[in-house]
Amino acid sequence: MSADASSPSSEFVRLLRSQRVWDTELPDFAPATAPAEPLPLFEEWFAGAVAAGQPEPHTMSLATADSEGRPDVRTVMLHGADKKGWHFASHAGSRKGQHLASRPYAALGFYWPVQGRQVRVRGPVTVAPPEVARADLHARSTGALASALVGHQSEVLDSQEELARASAAAWDRAHREPDASAPSWTVYVLDPDEVEFFQGDARRRHVRLTYRRTDGAAWRRELLWP
């Protein structure tokens, strides 16, 4: 009798269960000493991830929902974090852009396994002014500009050859016109309602500190069970 095709193979299960996490010394986290607001702690943890050699610490999961409430998630790049919120960018016509146009609320997730740390952020999302998007686009690399000039993000692609032609033309334009505009390029700002800091512990006594906004816009800090 053949194995059920819907069941995972024994090799896959063996491989999956052989994986380990946090195979390193993890840092301590004393939540009682955490600042009154989440942004300074995020900046501290981000700097710590960079110093610890975490690859691509500026990448994050972005979760959105469509007009029917169906969730979606993808990995994007953090473009900034300040008093206004956490910044990221995309084309307005992309799937995430369409989601945010109909449901302007999102969640972000950072995972820095080198230190066993996660940061979760969620809240309403607004669109930054066009001049902010232009400055963001031209502060990045030639490749980033070329990618933005290609456009058509999330649209159906007929062939890889079509993408190669469009990309070559966009790279050529990006070199010739470093100030070229991509009108659909949009910067989004997530102003958090809640920010959670998770410090992993080898004995599974994880530390979870959450910041929640109160009605007066102040932050309330609370510990959560792991």
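Placed above this text is the structure.
Described in the following lines is the structure provided in the data block. (Residues numbered from 1 in each chain as written. Predicted model: local features only at pLDDT ≥ 70, side-chain atom pairs only at ≥ 80, totals over all residues. Heavy atoms only, no water.)

## Notes on the packing of aromatic side chains
Then, number 1: Under the counting rule described, the total for this entry stands at 12 aromatic pairs.
Then, number 2: The interplanar angle of 80 degrees and the centroid separation of 5.1 Å between the aromatic rings of F29 and W45 together place this pair among those described as edge-to-face. Of this pair, F29 sits in the loop between α1 (10–17) and α2 (38–51) while W45 sits in helix α2; the two residues are 16 residues apart in sequence, bridging distant segments of the chain.
Then, number 3: Take W45: its relative accessible area is 1%, and that puts it in the buried class.
Then, number 4: Chaining the aromatic ring pairs together yields one cluster made of F29, W45, F197, Y211 and W219.
Then, number 5: Just above the ring of W45 sits the side chain of R117; from NZ or CZ to the centre is 4.1 Å. (Phe/Tyr/Trp six-rings, centres within 6.5 Å; stacked < 30°, edge-to-face > 60°. Helix = DSSP H or I, 4+ residues; strand = E, 2+ residues; numbered from the N terminus. Buried < 20%, exposed > 50% of the residue type's maximum accessible area, 1.4 Å probe, protein only. Lys NZ or Arg CZ within 6 Å of the ring centre and 35° of its normal.)

## Things to note about the nonpolar core
Then, number 1: By size, the foremost hydrophobic cluster in this structure holds 28 residues, and its most contacted members are W86, F88, L108, F110 and V119.
Then, number 2: Listing elements by their share of this core, those giving two or more residues are α2, β1 (59–65), β4 (85–91), β5 (105–112), β6 (117–127), β7 (185–190), β8 (194–199) and β9 (207–213).
Then, number 3: By residue number, the principal contributor to this core is α2, which donates five residues.
Then, number 4: Ignoring any residue separated from it by four or fewer positions in sequence, one finds F88 in contact with M60, L62, M77, H79, L100, L108, V125, T186, V187, Y188 and L190.
Then, number 5: Judged by nonpolar contacts, the second largest core, of 16 residues, contains L137, A148, A170 and V189. (Core = buried A, V, L, I, M, F, W, Y, C linked by side-chain atoms within 4.5 Å. Contact = heavy atoms within 4.5 Å.)

## Overview of unusual backbone geometry
Across the chain, the bulk of peptide bonds are trans and the bulk of non-glycine residues have phi less than zero.
Then, number 1: In the Ramachandran plot, E56 falls in the positive-phi region, its phi being about 45 degrees despite a non-glycine side chain.
Then, number 2: Inspection of the secondary structure assignment puts E56 in the loop between α2 and β1.
Then, number 3: With a relative accessible area of 54%, E56 lands in the exposed category.

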